[in-house]
Amino acid sequence: MSLVRESEVLRSQPGGASGDGKSGGRRWRTMLVWLLRLLSVAWMAKGLLQWAVILGLGPESGPPFESRPLTFQAITVYFAVFDLVAAVGLWLTSTWGGVLWLLAAMSQLLLGFFFPRWLPLSPVLIGSYVMLMLAYFVATWAAENQEG
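Computed from a prediction, not measured in an experiment: that's the story for all the values here. (Residues numbered from 1 in each chain as written. Predicted model: local features only at pLDDT ≥ 70, side-chain atom pairs only at ≥ 80, totals over all residues. Heavy atoms only, no water.)

Student: Report on the overall build of the chain, specifying residues and quantitative values.
Tutor: Looking only at helices and strands, the chain has five helices and zero strands in total. Reading the helices (α) and strands (β) of the chain from amino to carboxyl end gives α-α-α-α-α. Pairs at least 24 residues apart make up 68% of the contacts formed inside the chain by residues separated by at least 6 positions. Summing over all exposed atoms, the chain offers an accessible surface of approximately 8900 Å²; the carbon and sulfur share of this is 70%. (Helix = DSSP H or I, 4+ residues; strand = E, 2+ residues; numbered from the N terminus. Contact = heavy atoms within 4.5 Å. Areas by Shrake-Rupley, 256 points an atom, 1.4 Å probe, with all protein chains shown as cover.)

Below, the structure is given as structure tokens:
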């Protein structure tokens, strides 16, 4: 299952070269690219917020990062790196970007379940992650199975 590169989507003409009704496939591919780009921006912000916590620039008023528990440090560094790498992959609309994003989202859900003290999850956050994953799967499936 490979994602369509942005260049292919952007080079295609709106009505199709021969006007044979292949714009449906391009529509789903374009929607997939937009979804990936929006997710990329969100995950870039999420990763930068983690770096702000590491550097002591975060909104949290607590002890310095170095003096926090090792569990908190490990989770924060993990997401500081992983979220940014996933964001780059999503922006490039590559397959590995989608896979890393899914791993990052699932990691946050699982770590929030096992370590609620260090990574609290609200029902709204859980629901939004599930909906984003569902939207990703539907858009990817539709873009790959649409004629054109």
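Structure shown, so let's carry the discussion forward.
Student: Quick rundown of the packing of helix H3 (residues 70–91) against helix H4 (residues 95–114)? Include the residues and the values.
Tutor: It is at 7 Å that the axes of H3 and H4 come closest, and there the two elements cross at 150 degrees. Comparing the axis directions of H3 and H4 gives the class roughly antiparallel. As for the relative orientation of H3 and H4, their crossing is left-handed in sense. Counting all contacts with H3, which are made through Ile-75, Tyr-78, Phe-79, Phe-82, Asp-83, Val-85, Ala-86, Val-88, Gly-89 and Leu-90, the residues of H4 involved are Trp-96, Gly-97, Gly-98, Leu-100, Trp-101, Leu-103, Ala-104, Ser-107, Gln-108 and Leu-111. (Axes fitted to C-alpha atoms, helices over the stretch in contact; angles between N-to-C directions. Parallel < 35°, antiparallel > 145°, perpendicular 65-115°, else oblique. Left-handed = near helix turned anticlockwise from the far one by under 90°.)

Student: Report on the nonpolar core, specifying residues and quantitative values.
Tutor: Ranked by size, the top nonpolar core spans 20 residues in total, and within it Leu-39, Trp-43, Trp-101, Tyr-129, Met-133 and Tyr-136 carry the most contacts. At the level of elements, helix H2 (23–55), H3, H4 and helix H5 (123–145) are the ones that each hand at least two residues to this core. Among the elements that line this core, the one with the most residues is H4, at six residues. In this structure, Val-53, Ile-54, Phe-72 and Ala-80 belong to the second largest nonpolar core, which totals five residues. (Core = buried A, V, L, I, M, F, W, Y, C linked by side-chain atoms within 4.5 Å. Buried < 20%, exposed > 50% of the residue type's maximum accessible area, 1.4 Å probe, protein only.)

Student: Mind laying out the pattern of salt bridges, listing which residues take part and the relevant values?
Tutor: In the structure shown here, the tally under the stated rule is one salt bridge. With its nearest N and O atoms 2.5 Å apart, the salt bridge here joins Asp-83 to Lys-46. With a gap of 37 residues between them, Asp-83 in helix H3 and Lys-46 in helix H2 connect regions that are remote in the sequence. Pair check on accessibility: Asp-83 and Lys-46 agree, each one buried. (Salt bridge = Lys/Arg side-chain N within 4 Å of Asp/Glu carboxyl O.)

Student: Could you give an account of H5, with specific residues and numbers?
Tutor: An ideal rise of 1.5 Å per residue puts 33 Å on 23 residues; H5 measures up with 33 Å between its terminal C-alpha atoms. Among the residues of H5, those classed as buried are Tyr-129, Met-133, Tyr-136, Ala-139, Thr-140, Ala-142 and Ala-143. (Expected span 1.5 Å × (residues − 1).)

Student: Let's hear about the environment of Ser-107: which residues, and what values?
Tutor: Relative to the helices and strands, Ser-107 resides in helix H4. Ser-107 gets classed as buried once you look at its relative accessible area, which sits at 14%. C-alpha separation for the pair Ser-107 and Phe-79, spaced 28 residues apart in sequence, amounts to 9.0 Å. Setting aside residues no more than four positions away along its own chain, Ser-107 makes contact with Tyr-78 and Phe-79.

Student: Outline the side chain of Asp-83, supporting the account with residue identities and numerical values.
Tutor: The exposure class assigned to Asp-83 is buried, which follows from its relative accessible area of 0%. With residues near it in sequence (within four places) discarded, Asp-83 still touches Trp-43, Lys-46, Gly-47 and Ala-104.

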